[in-house]
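Observations on the three-dimensional arrangement
Okay, here's what each chain looks like letter by letter:
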Amino acid sequence: YNNLVFGAKDCSRERVYEILEDLGMTMTLEAVKAPGADQEEEEEESEGEDAQDRWQVSFPYSELAKIHLARAFVMSPEVCVMQRPFSHFSTMSTNTRLMNLIMSMVRNRGVRLPQESVHRRRPRTCFITPEEDWQADMADEVWQIEASSIHVRKNSPST
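Bear in mind the structure is a predicted one, so any value in this text is a computation, not a measurement.

The subject of this paragraph is the packing of helix α2 (residues 13-22) against helix α3 (residues 26-33). Following both chains from N to C, one finds α2 and α3 inclined at 160 degrees, their axes separated by 8 Å at the closest point. Here α2 lies roughly antiparallel to α3, going by the angle between them. α2 and α3 meet at a crossing whose hand is left-handed. Side by side, α2 and α3 meet where Arg-13, Tyr-17, Leu-20 and Glu-21 of the first sit next to Thr-28, Leu-29, Val-32 and Lys-33 of the second.

So, about the confidence of the model for the protein chain. Mean pLDDT over the protein chain works out to 85, with 84% of the residues at or above the 70 mark. Predicted confidence in the protein chain is weakest over helix α4 (residues 37-47), with a mean pLDDT of 55, and strongest over strand β1 (residues 79-82), with 96.

Right, let's get into the environment of Arg-13. Note on placement: Arg-13 falls in helix α2. Separated by 19 residues in the primary sequence, Arg-13 and Val-32 place their C-alpha atoms 9.5 Å from one another.

About the criteria used
- Residues numbered from 1 in each chain as written.
- Predicted model: local features only at pLDDT ≥ 70, side-chain atom pairs only at ≥ 80, totals over all residues.
- Heavy atoms only, no water.
- Axes fitted to C-alpha atoms, helices over the stretch in contact; angles between N-to-C directions.
- Helix = DSSP H or I, 4+ residues; strand = E, 2+ residues; numbered from the N terminus.
- Parallel < 35°, antiparallel > 145°, perpendicular 65-115°, else oblique.
- Left-handed = near helix turned anticlockwise from the far one by under 90°.
- Contact = heavy atoms within 4.5 Å.
- pLDDT = per-residue confidence, 0-100.

Here is the structure:
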């Protein structure tokens, strides 16, 4: 849990749990909800580096990749740059879920934040490097960078 919220201001546990659910992170959700999970993390901090890294070997690689994405959604940065965020996931449903969360972060100015305060939050921008056409087709703007030029392939107004 501490790994997910490191540096986040006033982040509720419920919001973190909802983001993990949105990403389909059942293993991580179970781990952070387990009784004594916070206590174990505090004990690990005093045991040294090996104990702190132990959790990493208990999750599959795709779950570890999602942890990085969950951390970004928890932090809710105004500008987010994601280099090939879909490359670690083989199913279309996982990739679509992730793209929908990215779009939600931009349109709602954050993920799982109160809807009534959306007008008070600063806009969010997310740059991604798509690997497939469907990913680019879902974006508000697509810039194709070649050699020394930039071509805008698609520009649709954001909602």
